[in-house]
Amino acid sequence: MNIPEDVKEAINEMFLCKNLTEHMACFQHFYEELKDCTFVVFSEDEGTELPEALHSNYDNDFAIINIGSTNRYYAVNSEIYKEMLRTGGSDYYIDVCVELDTQAVSYLKNIFEEYNQIPDCDKIRKMIEYLQLPEVNYSCVPYLVENASKKDVINKIECYKNIKSFMLFKAFNFTNFWNDGECNYDRQEEDIQIDVDGLYNDMLSEIFHQTYNNFFEMQKAIYMLLLKTICIEFLNPKKSAKNKIMTLFDFVNEQLGFIAVRELEVCYCYFNHDEMTKKFFKKVQRNSNDLLDTINGMAWDLTHIRLIEQQFMFRPTDEVRFAIHMLLTFDNGLKEILQINPIEQIAFYEEIPIPNLKHFWVDNVPGAKEKLLSEENRHKRRQTFDKMDVDKLMSILEEELLGLCMK
């Protein structure tokens, strides 16, 4: 869905605001354009602080990543705005949820396979203890979305086992286990099995596919962006990062038709051989036997972040105004990627997420704004997107990269 130009301009004005007072004044000035928008703002010193257990934490084997730039936040939308004018404050419910990525979910399979099995928790004990904290609610939506997109090619038995392990994990009484070694569940085996079957069938359903289809398509676009990035790097590794990113911009305008600011910055840092991208790209080697699978997985990692942004507008009850979703991941490369440029604000227009990153890195690359943001190139991208054959372009890029690996 296209966002009206006057709404885009008003959203950009809100992105320039630096505190709650400025946001309130700006929202008032552009009320007609912004009345259907919600803004979640991450702030150094205003708003509500997330519970300590939900702060970004990179110190364990796994990371808890708040995609915002700080651990304090406030929100502005038409309801909050009116309450602030009327009472000077606004009380509202939010939902906070930790999303386990695919790797984290897969770790559960060897621990919980069957009901009443004594779990071997030592390898992921810290993660288990974290997920048992009273402030922590968690789900496995990234795992479900990724596997739903691959439902025609995945090992469905293994996928079912992973979902069963997750549901057994959620129902297991760890307090009794830690204290007495007893293997107890808070729910009956039959009820857990019903939930497993329900979640598995939901994941494979047409409704689920329709709900998350835009993320399936986004993952393909990010995959192609990474393929072209690596082709450029392999072809001309000694060229400047600016030269390489300009070549990538041409690809975006003329072949991809899709601009992704965060992902393009990751590619630019890769061209710069930035330390913060080395772990994320470490398996991208010419002699890799599964290079395309590796890049496809990297594209899913980046798509999970997009998915978490969208989940901010998931409202489990009518009382909840919005949600804040965190990512739990064991992926060291992704940990560092997400520290490059976190989100300062995120706007939602009819539940479309529009993130505003803390730094507008394009300003640091001479000529980049013209390449990406001129009206001529915007028009070119729209034309490119409308006529693009995704499968054909993907095949061309895969062949190009594999051909470079043979040289």
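Cut-offs applied
Residues numbered from 1 in each chain as written. Predicted model: local features only at pLDDT ≥ 70, side-chain atom pairs only at ≥ 80, totals over all residues. Heavy atoms only, no water. Helix = DSSP H or I, 4+ residues; strand = E, 2+ residues; numbered from the N terminus. Rg over C-alpha atoms; globule rule 2.2 N^0.38 Å. Contact = heavy atoms within 4.5 Å. Areas by Shrake-Rupley, 256 points an atom, 1.4 Å probe, with all protein chains shown as cover. Lys, Arg positive; Asp, Glu negative; His and termini not counted. Charge placed at Lys NZ, Arg CZ, Asp CG, Glu CD. Core = buried A, V, L, I, M, F, W, Y, C linked by side-chain atoms within 4.5 Å. Buried < 20%, exposed > 50% of the residue type's maximum accessible area, 1.4 Å probe, protein only. Axes fitted to C-alpha atoms, helices over the stretch in contact; angles between N-to-C directions. Parallel < 35°, antiparallel > 145°, perpendicular 65-115°, else oblique. Left-handed = near helix turned anticlockwise from the far one by under 90°. Nonpolar A, V, L, I, M, F, W, Y, C, P; charged D, E, K, R; others polar.

## A look at the overall build of the protein
Phase 1 of the analysis: Counting secondary structure elements, the protein contains 19 helices and nine strands.
Phase 2 of the analysis: Here the protein has a C-alpha radius of gyration of 22 Å; the compact-globule value for 407 residues is 22 Å, and the two agree.
Phase 3 of the analysis: Taking the principal axes of the C-alpha coordinates as reference, the protein spans close to 65 × 65 × 40 Å.
Phase 4 of the analysis: In the protein, of all internal contacts separated by at least 6 residues, the share reaching a separation of at least 24 is 75%.
Phase 5 of the analysis: Roughly 20000 Å² of accessible area belongs to the protein as shown, and the carbon and sulfur atoms make up 46% of that amount.
Phase 6 of the analysis: Averaging the positions of the 43 positive and the 69 negative side-chain charges in the protein gives two centres separated by 8 Å.

## Considering the nonpolar core
Phase 1 of the analysis: Formed by 124 residues in total, the largest nonpolar core has its most connected members in Tyr130 and Leu328.
Phase 2 of the analysis: Top element by residues in this core is helix α11 (residues 206-235). It accounts for 16 residues.
Phase 3 of the analysis: Excluding residues that lie within four positions of it along the chain, Tyr130 makes contacts with Ala53, Leu54, Phe62, Ile64, Val98, Val136 and Leu328.
Phase 4 of the analysis: Counting 20 residues, the second largest nonpolar core, distinct from the first, contains Val7, Met14, Met24 and Ala347.

## A short note on the environment of Ile354
Phase 1 of the analysis: Mapped onto the elements of the fold, Ile354 is located in strand β9 (residues 352-357).
Phase 2 of the analysis: Along the chain, Ile354 and Gln310 lie 44 residues apart, while their C-alpha atoms are 9.2 Å from each other.
Phase 3 of the analysis: Not counting the four nearest positions on each side in its chain, Ile354 is found in contact with Ile3, Ile11, Phe15, Gln345, Ile346, Ala347 and Tyr349.

## Focus: the packing of helix α13 (residues 261-271) against helix α15 (residues 291-311)
Phase 1 of the analysis: Contact geometry for α13 and α15: axes closest at 11 Å, N-to-C directions at 150°. Here α13 is positioned roughly antiparallel relative to α15, judged by the angle of their axes. Of the two possible hands of crossing, α13 and α15 adopt the one that is right-handed. Between α13 and α15, the contacting residues are Val261, Arg262 and Glu263 on the first element and Leu302, Ile305, Arg306 and Glu309 on the second.
Phase 2 of the analysis: A breakdown of the residues in the contact of α13 with α15 according to their chemical character gives three nonpolar, no polar and four charged.

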